[in-house]
Amino acid sequence: MFNSIPSELIEVMQLTIVFSSLFGTILVLLFTADKANTKNLYMKKAR
(Lines give C-alpha, C1' and ligand atoms only; values in the text may rest on other atoms or scores of the structure.)
Protein backbone atom coordinates (compact mmCIF):
# COMPACT_ATOMS: atom_id res chain seq x y z
CA MET A 1 0.00 0.00 0.00
CA PHE A 2 2.75 2.47 0.94
CA ASN A 3 5.24 1.23 -1.64
CA SER A 4 4.32 3.98 -4.10
CA ILE A 5 4.78 6.75 -1.49
CA PRO A 6 8.37 7.76 -0.63
CA SER A 7 9.40 7.16 2.98
CA GLU A 8 10.34 10.84 3.42
CA LEU A 9 6.81 11.89 2.55
CA ILE A 10 5.38 9.41 5.05
CA GLU A 11 7.67 10.78 7.76
CA VAL A 12 6.64 14.36 6.98
CA MET A 13 2.98 13.37 7.09
CA GLN A 14 3.43 11.64 10.45
CA LEU A 15 5.22 14.65 11.93
CA THR A 16 2.51 16.96 10.59
CA ILE A 17 -0.22 14.85 12.18
CA VAL A 18 1.59 14.71 15.53
CA PHE A 19 2.31 18.43 15.75
CA SER A 20 -1.14 19.46 14.54
CA SER A 21 -2.76 17.25 17.18
CA LEU A 22 -0.48 18.70 19.86
CA PHE A 23 -1.25 22.23 18.67
CA GLY A 24 -4.97 21.45 18.67
CA THR A 25 -4.93 20.12 22.22
CA ILE A 26 -2.96 23.15 23.39
CA LEU A 27 -5.48 25.48 21.76
CA VAL A 28 -8.40 23.63 23.33
CA LEU A 29 -6.77 23.79 26.76
CA LEU A 30 -6.03 27.50 26.34
CA PHE A 31 -9.59 28.34 25.33
CA THR A 32 -11.15 26.29 28.10
CA ALA A 33 -8.76 27.76 30.69
CA ASP A 34 -9.49 31.27 29.35
CA LYS A 35 -13.21 30.89 30.04
CA ALA A 36 -12.52 29.75 33.61
CA ASN A 37 -10.06 32.61 34.20
CA THR A 38 -12.44 35.31 32.98
CA LYS A 39 -15.04 34.20 35.53
CA ASN A 40 -12.41 34.36 38.27
CA LEU A 41 -11.26 37.79 37.14
CA TYR A 42 -14.80 39.15 37.21
CA MET A 43 -15.27 37.76 40.71
CA LYS A 44 -12.01 39.36 41.86
CA LYS A 45 -12.98 42.74 40.37
CA ALA A 46 -16.39 42.63 42.07
CA ARG A 47 -14.82 42.19 45.49
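Structure's up top.
Reading the values: the criteria
- Residues numbered from 1 in each chain as written.
- Predicted model: local features only at pLDDT ≥ 70, side-chain atom pairs only at ≥ 80, totals over all residues.
- Heavy atoms only, no water.
- Helix = DSSP H or I, 4+ residues; strand = E, 2+ residues; numbered from the N terminus.
- Buried < 20%, exposed > 50% of the residue type's maximum accessible area, 1.4 Å probe, protein only.
- Areas by Shrake-Rupley, 256 points an atom, 1.4 Å probe, with all protein chains shown as cover.
- Patch = residues over 30% accessible without salt bridge, like charges linked within 9 Å, V, L, I, M, F, W, Y side chains within 5 Å.
- Salt bridge = Lys/Arg side-chain N within 4 Å of Asp/Glu carboxyl O.

(A) Structural detail: the overall build of the chain. Secondary structure assignment for the chain yields 1 helix and 0 strands. Per-residue burial over the chain gives 0% buried out of 47 residues. Counting only carbon and sulfur atoms, one obtains 71% of the accessible surface of the chain, whose full area is about 4700 Å².

(B) Broad picture of a nonpolar patch on the surface. Nonpolar side chains collect at one region of the surface, where Phe23, Ile26, Leu27, Leu30 and Phe31 lie side by side and expose about 530 Å² of accessible area between them. With respect to the helices, strands and loops of the structure, Leu27 is situated in helix H1 (residues 7-46).

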